[in-house]
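# Results of the structural survey
Chain residues, written in single-letter form:
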Amino acid sequence: MSGALILLVEDDATLGASLRQRLELEGFGVSWARSAAEARTLLASLQPAIILSDIRLPDGDGETVMRSHFDRNGLVPTIFMTAFGDIDQAVRLVRAGALNYVTKPFDLDQLIEELQNITRRSLVKEAPADPFENSPAMREIGQMLKRAAATDMPVLLLGETGTGKEVAARYLHASGSRSSAPFVPVNCGALPADLADSMIFGHERGSFTGAVGAHRGFIEETEGGTLFLDEIGDLPLPLQVKLLRVLESREYRRLGGSDTRNFNGRIVCATNRDLAALVAEEKFREDLWFRINVITLQLPPLRERGSDIGGLLRTFVASAAQKAGRLPPEIHAEAIDAALAHGWPGNIREMINRVDRAVALGNDTVLTARDLFPDGSVARSEPRAQPVDDTLSAAREAAERAQIVSALAKTNGSLKDAAELLGVSRTTLWDKMRRYGLGDQ
Ligand SMILES: Nc1ncnc2c1ncn2[C@@H]1O[C@H](COP(=O)(O)OP(=O)(O)OP(=O)(O)O)[C@@H](O)[C@H]1O
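Every chain is numbered on its own, with residues counted from 1 as its sequence reads. Local features in this predicted model are restricted to residues whose pLDDT is 70 or higher, and side-chain atom pairs enter the listing and the counts only when it is 80 or higher, whereas totals over whole chains, interfaces and linings include all residues.

The chain is annotated in an unreviewed UniProt entry as Sigma-54-dependent Fis family transcriptional regulator of Georhizobium profundi.

Glancing now at the packing of helix H13 (residues 306–323) against helix H14 (residues 333–341). To obtain each axis, a line is fitted to C-alpha atoms, and for helices this fit is confined to the stretch in contact; angles are then taken between N-to-C directions over 0 to 180 degrees. Counting from the N terminus, the helices are DSSP H or I runs at least four residues long and the strands are E runs at least two residues long. Running from N to C, H13 and H14 cross one another at 130 degrees; their axes reach a closest spacing of 10 Å. Classified by the angle their axes make, H13 and H14 are oblique. Read as a crossing pair, H13 and H14 show a hand that is right-handed. When H13 is examined against H14, the residues Gly306, Ile309, Gly310 and Leu313 are found in contact with a partner set consisting of Ile336, Ala339 and Leu340. In this classification, the charged set is Asp, Glu, Lys and Arg, the nonpolar set is Ala, Val, Leu, Ile, Met, Phe, Trp, Tyr, Cys and Pro, and all remaining amino acids, among them Gly, are polar. Of the residues belonging to the contact of H13 with H14, the class tally is five nonpolar, two polar and no charged. Roughly parallel here means an angle under 35 degrees, roughly antiparallel means over 145, roughly perpendicular means 65 to 115, and every remaining angle is called oblique. Helix crossings are classified by the rotation of the near helix relative to the far one: an anticlockwise turn of less than a right angle makes the crossing left-handed, while a clockwise turn makes it right-handed. For the purpose of contact definition, each residue receives a C-beta atom placed from its backbone, and two residues are in contact when these atoms lie within 7 Å.

Take the site of the ligand next. Lining the immediate environment of the ligand, one finds 14 residues, of which Pro131, Thr161, Gly164, Lys165 and Glu166 sit closest. Among the residues making up the shell around the ligand, the classes are represented as four nonpolar, six polar and four charged. Residue ranges for the domains trace back to a domain assignment, done automatically or taken from a database. Looking at which domains feed residues into the shell around the ligand, each of domain 2 (136–298) and domain 3 (316–372) gives three or more. We call a residue near a molecule or strand if the C-beta atom, set from the backbone, is within 6 Å of it.

Take the packing of helix H18 (residues 415–422) against helix H19 (residues 426–435) next. At a minimum axis distance of 9 Å, the contact between H18 and H19 shows a crossing angle of 100 degrees. Classed by the angle they form, the pair H18 and H19 counts as roughly perpendicular. The segment H18 lies against H19, with Leu415, Lys416, Ala418, Ala419 and Leu422 engaging Arg426, Leu429 and Trp430. Taken together, the residues that form the contact of H18 with H19 break down as six nonpolar, no polar and two charged.

Below, the structure is given as structure tokens:
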């Protein structure tokens, strides 16, 4: 039951009444206009999720009514019901952005299915922009971030480039009591060497050549908020000492200053480098590492998030389509398979870029593997669950695992639908997922 509101525009009393009855039975809300004038009146006050409209009306035509509505309010998914002679007009309307047309007499079941698909797609489009709602695994990370937000301890976010470390840091900030104070992101790897100290800790007037005025550093700008130190592994050693002092005593001084100032904010660090290795090479202070490494969260690379890939693709396709003012295209099963096979070295950032390009340049209704990987460049992921031996049972298990990952991706992580697709019971699927370490569903 979607509850979505449909504006039905139909002058034929018998067809209109039977359509309304059936649509209401299917759980839609229905407003019925019997003429172009009535449709205009209803559209002035209603915001239907879908319009189902006849083209020829006694006092005008559906095309003019809808076009002027779209001009003022943007596109609304619309299906035109046409008589045979109106097909040219219907095709023109579809080109102009209406969703589809059906020729009378039409198959009511098919029409209902299409309407349900439209509501499902627009639900995806309207999904809350919570970055940690896409899958059970993401929800778990979101919950851990919320738990961390409730404490005031330093948090270290680990993960490859593009896995969402900054998104996670912002989420943590927004989830805690500091959310109304500033969030100050600093890319430690991009700070100019000779200015890094002053940029972070601030400086007093005249503290170095060119310091014509006093300057508040990022630490000071954070006030009671969150200082997000990205690429912490790149922080120069002398600044590591100063940061350690902030973490230990909550005190710092501006460059060239004698006043000791207090830091009341929270520090969240992130890196895609191996800090333990940097410590071993003496490029990162061990005492600082211990200090920042209190709550550590690892953001997994996309290639290890098989069961999330379908859901993420849908989310990003929906938002790319929304940006382009279009309805989201369906994602072809082969596109999902290609996404599953791809190694995603740029992780979520790469997926967003690929999807944006595919939606902008691809076909309006279906997003294909070629749209996503136009150069045919599916970068195979490193095989993960390689059998340690060459036995038949190890090979069977690897294949079984891959099939489950693919089914979960195709069904947006739904256990029920994936079990149906795989032809096993939910309990069997659940057991196998646990056995193969697939998510914590
Ligand atoms: N869970 C998510 N949901 C939606 N978008 C996301 C999510 N995670 C990351 N993104 C998007 O992916 C891109 C990369 O995210 P982010 O900058 O947080 O990654 P990062 O790990 O900090 O990368 P880098 O190490 O290169 O700085 C951004 O455009 C971000 O909006």
